[in-house]
Amino acid sequence: MVETNGKKILQLSGCEAVYVAREYLLRYITGFVAENGFAVVDKNGTTLYTDKRYIEAAEKLCQGTDVTPVLFKQGDAIERLSAYQSVGISFNQTSASEYCRLQEAGIKLVNIDKQLSEAMTIKSEYELSCIAKACEIAEDAFLALLPEIKEGMKESEVAALLEYKMRNLGAQGLAFDTIVAFGAHAAVPHHETGETRLKFGDEVLIDFGCRVDGYCSDITRTFLFGDDGKHEEFKKAYAAVLTAHTMIKEQLISGMTGIEADAIARNYLKEQGYGELFTHSLGHGIGLNVHEYPSVSPRGEAKLVDGMVFSDEPGVYKAGEYGIRIEDTVTLKDGKVQSFMSKTDRNLIIL
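Here is a short report on the structure shown in this document. The residue numbers shown here count from 1 along each chain, following its written sequence. Per-residue local features are limited, in this predicted model, to residues with pLDDT of at least 70; the limit for side-chain atom pairs, both in listing and counting, is 80 or more; totals at the level of whole chains, interfaces and linings are taken over all residues. In computing side-chain properties, one takes all heavy atoms of the structure into account and sets aside hydrogens as well as water.

### Quick look at the pattern of salt bridges
And then number 1: Put simply, a salt bridge is a Lys or Arg side-chain nitrogen that is within 4 Å of an Asp or Glu carboxyl oxygen. Applying the stated criterion across every chain, the model contains 20 salt bridges.
And then number 2: Residues Lys 343 and Glu 136 are paired through a salt bridge, measuring 3.4 Å at the closest nitrogen-oxygen approach. With Lys 343 in the segment after β19 (336-339) and Glu 136 in helix α7 (residues 125-145), the pair connects residues that are 207 residues apart, well separated along the chain.
And then number 3: Accessibility expressed as a relative area gives 39% for Lys 343, which makes it partly exposed.
And then number 4: In this structure, Lys 165 engages Glu 148 in a salt bridge whose closest nitrogen and oxygen atoms are separated by 2.8 Å. Here Lys 165 is found in helix α8 (residues 155-168), whereas its partner Glu 148 is found in the loop between α7 and α8, with 17 residues between them in sequence.
And then number 5: The partly exposed category is assigned to Glu 148, whose relative accessible area is 34%.
And then number 6: Bridged by salt links that share partners, the residues Lys 133, Glu 136, Asp 140 and Lys 343 form one connected network. For the purposes of this entry, the term helix denotes a DSSP run of H or I that reaches at least four residues, the term strand denotes a run of E that reaches at least two, and both are numbered from the N terminus. Think of it in three bands: with a 1.4 Å probe and only protein chains considered, a residue is buried below 20% of the maximum accessible area for its type, exposed above 50%, and partly exposed in between.

Here you go:
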């Protein structure tokens, strides 16, 4: 019988049972995701409570695992959880109304956010394979997109075309809303993709990613749509960002904290005169959520160790003029950084 992540979480929690209801936690615990359901883990295994819309699919997917899908009825959660002395839940992912409902029923609730975070941070080979596939799809879609970008296209058109290509290549959804920024719009790190049309000489920043079996990829590429001879400052800044990006791959090792990793890129950009223009953290954890633990930032006190997946995304943003970000999804293996991105060029592309 294949063991899912429920047993691991139960052991880490120190509780008699664990209860999850958020969709991404259901996927992590059971391997199955449904809108209106929950799971309970105890020493006997994991029970997935779902409704008639999902029961057949759940039974098929969970066959041969330690997860037992059952149809739930109103009141099942209270009845089941009342049998335990202590129940671990995610305080961060539980609504106030749900928490009060469980507490009023006399159930002793224990916050297991730390245990969930730590467990989910170290990715299994299966999880790494899903992330690798999501990254491969994202890169292949981007490479297919480049020759189809034409002057006059809107940011929203480029985003839609890229998203279609990711879907067509096997993505099961987007990791987040695609960001396409033309010209000075790239100076806004999280620009909202709009109706601006592409002109010759514009820089283009595209931040995108997709999901495979729930797991995310995250990639950003910045390039020029033609060279009008007005981008010398931009090119100099791009070279600095690329060097900072590459330094992470060469110098970050397992055991460093997020603070130390962030400082590699941040200190270099500061030396090059771009310190105040690097306005966000170097990176963030990536998994079932596109932003999760660990934090690779000036506040990231946790150590980065083998099996973690996070982004390497230094950037420089000059308000009203230009913005540059080069981002890969990376992992630590054998103490060193390995990128999931192997197909797309980080050197400055001029279409």
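What follows continues from the structure just given.
### A few points about the sheet that holds strand β4 (residues 67-71)
Sheet strands pair by backbone hydrogen bonding; their relative direction is either parallel or antiparallel.
And then number 1: Overall, mixed pairing links the six strands, which are arranged β4-β3-β2-β1-β5-β6 in an open sheet. Looking at the sheet topology across the chains shown, the edges are occupied by β4 and β6 (109-111). Mean inter-strand twist for the sheet, computed between neighbouring axes without regard to direction, equals 25 degrees. For two strands to count as paired, DSSP must find a minimum of two bridges between them. To get an axis, a line is fitted to the C-alpha atoms, and for a helix only the part in contact is used. The angle between two axes follows their N-to-C directions and goes from 0 to 180 degrees.

### Structural notes on the pairing of strand β8 (residues 179-182)
And then number 1: What you see with β8 is no split at all: Ile 179 and Ala 181 on one side and Val 180 and Phe 182 on the other are buried throughout.
And then number 2: In terms of strand pairing, β8 meets strand β9 (residues 203-208) through four bridges, oriented antiparallel. Within the sheet, the bridge partner assigned to Val 180 lies in β9 and is Ile 206.

### Some details on the sheet that holds strand β12 (residues 219-224)
And then number 1: Reading across from one edge, β8-β9-β12 is the order of the three strands in this open sheet, with antiparallel pairing throughout. The two strands at the open ends of the sheet, each matched to only one other strand, are β8 and β12. Neighbour-to-neighbour, the strand axes of this sheet turn through a mean angle of 10 degrees, independent of strand direction.
And then number 2: By definition in these notes, contact holds between two residues if any of their heavy atoms fall within 4.5 Å. Lying over the sheet, α7 contacts β9 and β12, oriented at roughly 20 degrees with respect to β12.

### With respect to the pairing of strand β17 (residues 322-325)
Note on strand geometry: in a regular strand, side chains alternate between the two faces of the sheet.
And then number 1: Burial along β17 is two-sided: the residues Tyr 322 and Ile 324 and Gly 323 and Arg 325 are all buried.
And then number 2: Sheet topology places strand β16 (residues 315-318) next to β17; four bridges connect them, and they run antiparallel. Residue pairing in the sheet places Tyr 317 in a bridge with Gly 323 of β17.
And then number 3: What sits between β16 and β17 in their antiparallel hairpin is a turn of three residues, with Gly 320 showing a positive phi close to 80 degrees.

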